[in-house]
Amino acid sequence: AFGEPSRPRGGVAVILRFRVFGLEDKLLMQIDLPGPIIRIGSLSTAHLRLREEGIARMHALIEVKSSDVGPEVSVIDLTSAGTFLVNRLFPEGAR
């Protein structure tokens, strides 16, 4: 099912900890979710559901894969506007 963790080829079984902050850096939520794929968005089927204004139905995807040097984490912006932030900066080459 869409809301259940999946394991693509090369995916790494991990637990990822998410901290969601609001205005003035107030911690709103902390949640641990099983990887290797985490879907973030406003849909009820998203693993990490955010209902704030400006959050797309499917906003971002986080994927953990194995590599020769250890786990490799990818953050993929699924919005048409490229509006997600990493440490308050737009990632270079974000898609």
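Here, the structure is the one placed above.
Report follows, based on the coordinates. (Residues numbered from 1 in each chain as written. Predicted model: local features only at pLDDT ≥ 70, side-chain atom pairs only at ≥ 80, totals over all residues. Heavy atoms only, no water.)

With mixed pairing, the 4 strands of this open sheet are ordered in space as S4-S3-S5-S6. Bordering the open sheet on either side are strand S4 (48-49) and strand S6 (70-77), each of which pairs with just one other strand. Here 8 bridges tie strand S5 (residues 60-67) to S6, and the two strands are oriented antiparallel to one another. Bridge pairing in S6 links Glu-63 to Ser-74. (Pairing = 2+ DSSP bridges. Helix = DSSP H or I, 4+ residues; strand = E, 2+ residues; numbered from the N terminus.)

Quick look at the nonpolar core now. Nonpolar side chains in soluble globular proteins tend to end up buried together. With 12 residues, the main nonpolar core is built from Val-12, Leu-16, Phe-18, Val-20, Leu-33, Ile-38, Ile-40, Leu-48, Leu-50, Ala-60, Ile-62 and Val-64. Mapped by element, the contributors of at least two residues to this core are strand S1 (15-21), strand S3 (37-41) and S5. (Core = buried A, V, L, I, M, F, W, Y, C linked by side-chain atoms within 4.5 Å. Buried < 20%, exposed > 50% of the residue type's maximum accessible area, 1.4 Å probe, protein only.)

Along the polypeptide, Leu-61 turns up in strand S5. Taking relative accessible area as the criterion, Leu-61 reaches 17% and is therefore assigned buried. Distance in space between the C-alpha atoms of Leu-61 and Gly-41 is 8.9 Å, their sequence separation being 20 residues. The contact partners of Leu-61, leaving out residues within four places of it in the chain, are Ile-37, Ile-38, Arg-39, Ser-74, Val-75, Ile-76 and Leu-78. (Contact = heavy atoms within 4.5 Å.)

This brings us to the pattern of salt bridges. Tallying each qualifying case throughout the model produces 1 salt bridge. A salt bridge links Asp-32 to Arg-17, with the shortest nitrogen-to-oxygen separation between them at 2.8 Å. Highlighted residues: Asp-32 in strand S2 (residues 27-34) and Arg-17 in strand S1, separated in sequence by 15 residues. We classify Arg-17 as exposed; its relative accessible area is 52%. (Salt bridge = Lys/Arg side-chain N within 4 Å of Asp/Glu carboxyl O.)

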